[in-house]
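Structural overview
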Amino acid sequence: MQSRTELVAVVDDEKNIRETVAFALKREGYRVNTYADGAEAWAAFRRELPDLAVLDILLPRMDGRELCRKLRAKSETLPIVFLTSKDEELDRVLGLELGADDYLCKPFSMRELVARVKVLFRRAALASDPSRREEAKMLRAGSLEIDGLRYTARWRGEPLALTVTEFLLLQALARHPGHVKTRQQLMEEAYPNDAYVSERTIDSHVKRLRRKFESRDAAFSGIDTVHGLGYRWIEAGAE
Amino acid sequence: MGLLRLGLRLLLFNLLLVSLTIAGFLYLVPWAAVVVSAAAALLLSVFFAAAITGTLEDLTRRLEDRQRATETLASEVAHELKNPLASIRSAAEMLHEVREPEERRRFAAVIQEEVARMERQVSQLAEITRIDARLENEEQVAVPVNGLLAQVAERFRLRENGRVKFELEAPEEVLTVRASPERLTQVFENLLDNAAGFSPTGGAVRVALERSRDGGALIRVSDEGPGIPPEHLSRIFDRFFSHRPGEEGRRARLHPGLGLAIAKAIVEGYGGSIAAGNAGAGGAVFTVRLPSSRTGISRQVMGRS
């Protein structure tokens, strides 16, 4: 077990979920504080900000979305992971610009959550250290530049604000431009530790990813839907 | 559904043409008869078409309402079952990874607890989806509310064993309503269960019965708990809505949030109403109004009991 000092806040009104998540993260060496509702969490965050927050969306007393907004106002870089229990909820949350760094649907895999937490800490640490750059982990596809070490992507030289899931999906697509990736393949690449993720979840993440490109260029058509099969990256549509 | 109506109209129009043709052949020359029979057929078909489409439209609307309700229910259920599923999944994963017997016992207990919760949710769910059908099929009798409330209160006194007091105020006169005694018992069991769940140790749950102005029964169930936050008043009877004051306490575990929804469905099924509010002095108050049964029948039942 590595010894870390990062503090993770876990906010969920379900006692068993909260405690199991806390247990799993403590096993990885993180310090963990748990809160049963949004107001209680916010009272604690005002005294001391955690280094990462895992938030349920539907929380008593203060909604997870509101808590996320308040956290974002205090820190632009603090990694935030949302847990959601409805596919529709995911669509709704993804539709709003909350600035969360990742979303996992309940029932999520604990291994997947722990893996995401590690990635987010790594991403946060490397973001403040631009010196390290491993060419082996860099991927270029036309105007797209993917940094597999930092979990960041740049398009036409400008950084894209992607969640970890969106990043993994983009990486999977851009690795083989023109080739169709089925939803099943995308699932395996974006959720390597999860046995089951619904296809709808993949669709809503792809939709969201596309929207992020379109907000830069309304004519963006780099992610092509292949009816009945899946998605593919088209370089010509993303020049 | 417009399609069905169109199909029906076409069918009737065909019938009309056929009858016209037959009439034409039968009478051959007397055109007046053809015109008369055609007019009769036309009138009849218009009449039937209107009657049938009216009924069909009504039926369709009810089916569509039902379907929408089912869809909403399905989505609520999916959402509600995901929380225990998430606990079970993560506890099972941890059980696989940890070796310490103490921790393993803890995760096994989480799995058992959440499975029991899902079981309760599923059985209550079956209950609520069947209420409408059941109320229609169950025999309704004149039920003396005084006696029914006394029985329910006594059961809760035994159950809570002094932790919470149950006080019943009822008038001398016996008030009766038409219902299935089992269903009506369920209404008050759910209300008392809810009240007891929110009561502090040593608190009292009051059940007051009185005759309403229209001659029906008016029952108030009040507790000394924290009351209902105003923002929750409009949702308190929603399926799966359960507000958990502060920490999860014993409430959230025991209640999948269907008890009040079931009570509401039954009361409304009997033509009554149910409302939630807060007492000035604190605590929640649930008010149930039930229409009176016809006095003649109620006297008979009273005489027998």
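Fair warning: this is a prediction, and the values are worked out from it, not measured in the lab.

What follows deals with the sheet that holds strand S2 (residues 165-169) of chain B. Residues and elements named next belong to chain B. In spatial order, the strands read S2-S4-S5-S7-S6; together these 5 strands make up an open sheet with mixed pairing. The sheet is open, and its two edges are formed by S2 and strand S6 (273-278), each paired on a single side. For this sheet the average axis-to-axis angle between neighbouring strands, irrespective of direction, equals 15°. Note: S6 against strand S7 (residues 284-290), 6 bridges, orientation antiparallel. Directly across from Gly277, in S7, lies its bridge partner Val285. Across the sheet, helix H4 (residues 145-160) touches S2, strand S4 (204-211) and strand S5 (217-222), and the angle it forms with S2 is around 170°. Running at roughly 135° to S6, helix H7 (residues 259-269) makes contact with S6 and S7 of the sheet.

What follows deals with H4 of chain B. All names here are of chain B. Between the first and last C-alpha of H4 there are 22 Å, a value that for 16 residues agrees with the 22 Å anticipated at 1.5 Å per step. Along H4, the positions that sit buried rather than exposed are Val145, Leu148, Leu149, Val152 and Phe156. For H4, the angular spread of buried residues about the axis comes to 95°, placing them on one side. Away from its buried face by more than 90 degrees, H4 exposes Glu154 and Leu158. Against strand S1 (141-144), S2, strand S3 (176-179), helix H5 (181-198), S4 and S5 lie the buried residues of H4.

Before going further, it helps to spend a moment on the confidence of the model for chain B. Residue and element names in this part refer to chain B. Here chain B averages 80 in pLDDT, and 80% of its residues register 70 or above. Contacts of residues 244-255 to residues separated by more than four positions or lying in other chains number 16 contacts, the stretch itself having pLDDT below 50. pLDDT under 50 marks residues 295-305. Its contacts with residues more than four places away, or in other chains, come to 11 contacts. With pTM at 0.65, the complex prediction returns an ipTM value of 0.79.

Reading the values: rules and limits
Residues numbered from 1 in each chain as written. Chains lettered and ligands numbered in written order. Predicted model: local features only at pLDDT ≥ 70, side-chain atom pairs only at ≥ 80, totals over all residues. Pairing = 2+ DSSP bridges. Helix = DSSP H or I, 4+ residues; strand = E, 2+ residues; numbered from the N terminus. Axes fitted to C-alpha atoms, helices over the stretch in contact; angles between N-to-C directions. Contact = placed C-beta atoms within 7 Å. Expected span 1.5 Å × (residues − 1). Buried ≥ 20, exposed ≤ 12 C-beta atoms within 10 Å, placed from the backbone. Arc of directions from axis to C-beta. pLDDT = per-residue confidence, 0-100.

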